[in-house]
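# Commentary on secondary and tertiary structure
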Amino acid sequence: MSNPYESPKTTSEPMEPPRITWRTIGAFVGGFLACGVMTFVAMLGMGMIADPLGTAMFGPYGGIFLLAISPGFVTPLCSVILWAFMRKRNRPFAIGAVTAGVSAFLVVGGCYTMFSVGG
């Protein structure tokens with residue numbers, strides 16, 4: 001009889017990496033696009049609030065500025081929401097959504113840094 005507290009024995013063969021199929025590629029691209037659509041819908045709603053608020057707080061170009069940098073904040077938020085719901089059910093979809101969030105954050109942050117420091 002074996003000890004129930006003992007860890008299971010592993011084989012000496014290394015684990016194979018998961019296979020990449022057209023289905024996983026489609027799920028990845030679907031997650032990326034779903035995050036983009038979710039961001040677009042969130043930005044439509046946010047535009048009604050951010051534009052007047054930014055104009056009132058930061059002058060005539062404040063609303064435009066807030067709308068320009070907000071995809072860098074909204075897309076990662078949408079990607080975290082999609083990741084939380086899909087990480088167990090469809091992992092490539094969730095990874096595609098996280099990729100969209102990270103890339104939007106880096107692109108918007110890089111452009112903001114370039115324009116604020118370099119220009």
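Anyway, here's the lowdown on the structure attached to this text. (Residues numbered from 1 in each chain as written. Predicted model: local features only at pLDDT ≥ 70, side-chain atom pairs only at ≥ 80, totals over all residues. Heavy atoms only, no water.)

With that settled, consider the overall build of the chain. Along the chain, the regular secondary structure elements total four helices and zero strands. Along its sequence from the N terminus, the chain presents helices and strands in the succession α-α-α-α. In terms of C-alpha radius of gyration, the chain reaches 21 Å, well past the compact-globule figure of 14 Å for 119 residues. For the chain, the spread of C-alpha atoms along the principal axes amounts to about 75 × 30 × 30 Å. Within the span of the chain, comprising 119 residues, buried residues form 24% of the whole. The contacts in the chain between residues at least 6 apart in sequence include a share of 68% that link residues at least 24 apart. Roughly 9200 Å² of accessible area belongs to the chain as shown, and the carbon and sulfur atoms make up 72% of that amount. Computing the positive centroid from 7 side-chain charges and the negative centroid from 4, the chain places the two 7 Å apart. (Helix = DSSP H or I, 4+ residues; strand = E, 2+ residues; numbered from the N terminus. Rg over C-alpha atoms; globule rule 2.2 N^0.38 Å. Buried < 20%, exposed > 50% of the residue type's maximum accessible area, 1.4 Å probe, protein only. Contact = heavy atoms within 4.5 Å. Areas by Shrake-Rupley, 256 points an atom, 1.4 Å probe, with all protein chains shown as cover. Lys, Arg positive; Asp, Glu negative; His and termini not counted. Charge placed at Lys NZ, Arg CZ, Asp CG, Glu CD.)

The next point concerns helix H3 (residues 71-86). Helix length check: H3, at 16 residues, gives a terminal C-alpha distance of 22 Å against a target of 22 Å (1.5 Å per residue), a fit within 8%. Of the positions making up H3, those classed as buried are Gly-72, Val-74, Thr-75, Pro-76, Cys-78, Ser-79, Leu-82 and Met-86. (Expected span 1.5 Å × (residues − 1).)

Let us look at helix H2 (residues 62-69). Turning to H2, its buried residues are Gly-62, Gly-63 and Ile-69. End-on, the buried residues of H2 take up no more than an arc of 140°, which puts them together on one face. (Arc of directions from axis to C-beta.)

This next bit is on the packing of helix H1 (residues 22-58) against H2. The geometry of H1 relative to H2 is characterised by a closest axis approach of 6 Å and an angle of 140° between their N-to-C directions. When the axis of H1 is compared with that of H2, the two are oblique. At the point where H1 passes H2, the crossing takes the right-handed sense. Of the residues in H2, those in contact with Met-43, Gly-47, Ala-50, Asp-51, Gly-54, Thr-55 and Phe-58 of H1 are Gly-62, Gly-63, Ile-64, Leu-66 and Leu-67. Of the residues in the contact of H1 with H2, the class split is six nonpolar, five polar and one charged. (Axes fitted to C-alpha atoms, helices over the stretch in contact; angles between N-to-C directions. Parallel < 35°, antiparallel > 145°, perpendicular 65-115°, else oblique. Left-handed = near helix turned anticlockwise from the far one by under 90°. Nonpolar A, V, L, I, M, F, W, Y, C, P; charged D, E, K, R; others polar.)

A few words now on the side chain of Thr-75. Summarising the element assignment, Thr-75 is placed in helix H3. A polar contact is formed between the side chain of Thr-75 and the side chain of Thr-39, at a distance of 3.3 Å. Contact partners of Thr-75, with chain neighbours within four places excluded, come to Cys-35, Thr-39, Ala-100, Gly-101 and Ala-104. (Polar contact = N/O pair within 3.5 Å; in protein donor to acceptor, adjacent residues only side chain to side chain.)

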